[in-house]
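# Results of the structural survey
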Amino acid sequence: MVFILLVFFMFVPTLSSAEEITLYDLQGDWLNKEYYETLAATKSPRKAVQGIEYTNFAIVPDQENHRWLQIFNFHEGLWFTITGLQPNIEPDIYRILFHDKQEAGHATQNDRFYVQPGKPVNTIEWLFATNYGKTAEEHRVTFIHAEPDLQRLVNRTVLAGIYSDQNGRLFVFGENGVAQWPDTTFTYKVGLDYIFAECDYFYFLDEQNGNIGTEWYAFEWQGNKLYIYTTHFSKEVSELIERDEKPLYVLNPK
């Protein structure tokens, strides 16, 4: 009987990592780990994005395939259609399979994901090569799963909470992106794109007109106090957001 069991297990095929991990397991928003670590330490999206080129990406289902959105500096992005993952010789490394027809050209080569076995998947390493010079340069960038989505993760890290001003009035920044101030309630987003901003900021959303921004406020953490400022556009660069000199509110976390 023991001999029969040994023979049986010798011929039972084992599941490979490629059979355990598919694009369906990787759906959602993914945030650069280095960016997030700086964000958590400083509570400043502007400081966190400095020097980070590949800030985030998203993998979303699209009919029988998936769409891979690569974002650079939270300012520009490229869409690619990907059809699946192919296991590499190296353990837990999968080659990304691209559809024959694409909307954009590739800035990277030999794109692969390193994904440790096990579900849910919380970390991905994106392995790729760039060839801007004569020789290819290998890159390895780590991303964490932004749960439940990118904006909520950032908001939860830098702003979400209950505060009071010097007069005891309550200011609430909800994890769902809804703020309740003493005189108003509004939906907001934390600013991530700092190409045209000289300060950390959040902005009111006009949800009925395509989620566009209607008002911009700057914020800054000084010690354990949250400073809120009004903003203006630069006289030198019309699209550049700058904060006003004096704070509008100085808030203490409750």
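Everything numeric here is computed off the predicted structure, so don't read it as measured data.

## Looking at the overall build of the protein chain
Looking only at helices and strands, one finds 5 helices and 17 strands in the protein chain. Per-residue burial for the protein chain yields a buried fraction of 41% across its 254 residues. Across the protein chain, contacts joining residues at least 24 apart in sequence account for 41% of those joining residues at least 6 apart.

## Re the packing of aromatic side chains
Two measures describe an aromatic ring pair: the distance that separates the ring centres and the angle between the ring planes. Throughout the structure, instances matching the rule amount to 38 aromatic pairs. Aromatic pair Phe 204 and Tyr 217: ring centres 5.3 Å apart, planes at 25°, arrangement stacked. Of this pair, Phe 204 sits in strand β13 (residues 201–206) while Tyr 217 sits in strand β14 (residues 212–222); the two residues are 13 residues apart in sequence, bridging distant segments of the chain. Classification of Phe 204 by relative accessible area gives buried; the value is 9%. With a centroid separation of 6.4 Å and an interplanar angle of 20°, the aromatic rings of Tyr 227 and Tyr 229 are classed as stacked. According to the relative accessible area criterion, Tyr 229 is buried, its value standing at 3%.

## Examining the sheet that holds strand β4 (residues 76–87)
Pairing within the closed barrel is antiparallel, and its 8 strands lie in the order β1-β2-β3-β4-β5-β6-β7-β8. Averaged over all pairs of adjacent strands, the angle between strand axes in this sheet comes to 35°, irrespective of strand direction. In this structure, strand β6 (residues 109–114) lies alongside strand β7 (residues 123–130), joined through 4 bridges in antiparallel fashion. Bridge pairing links Gln 109 to Ala 129 in β7. Contacting β1 (28–32) and β8 (137–145), helix α3 (residues 33–42) runs over the sheet at an angle of about 70° to β1.

## Things to note about the confidence of the model for the protein chain
For the protein chain, per-residue confidence averages 89 on the pLDDT scale, and 88% of positions sit at 70 or higher. Confidence drops under a pLDDT of 50 for residues 1–18, and excluding neighbours within four residues, the segment shows 7 contacts in the predicted structure.

Quick notes on the rules
Residues numbered from 1 in each chain as written. Predicted model: local features only at pLDDT ≥ 70, side-chain atom pairs only at ≥ 80, totals over all residues. Heavy atoms only, no water. Helix = DSSP H or I, 4+ residues; strand = E, 2+ residues; numbered from the N terminus. Buried < 20%, exposed > 50% of the residue type's maximum accessible area, 1.4 Å probe, protein only. Contact = heavy atoms within 4.5 Å. Phe/Tyr/Trp six-rings, centres within 6.5 Å; stacked < 30°, edge-to-face > 60°. Pairing = 2+ DSSP bridges. Axes fitted to C-alpha atoms, helices over the stretch in contact; angles between N-to-C directions. pLDDT = per-residue confidence, 0-100.

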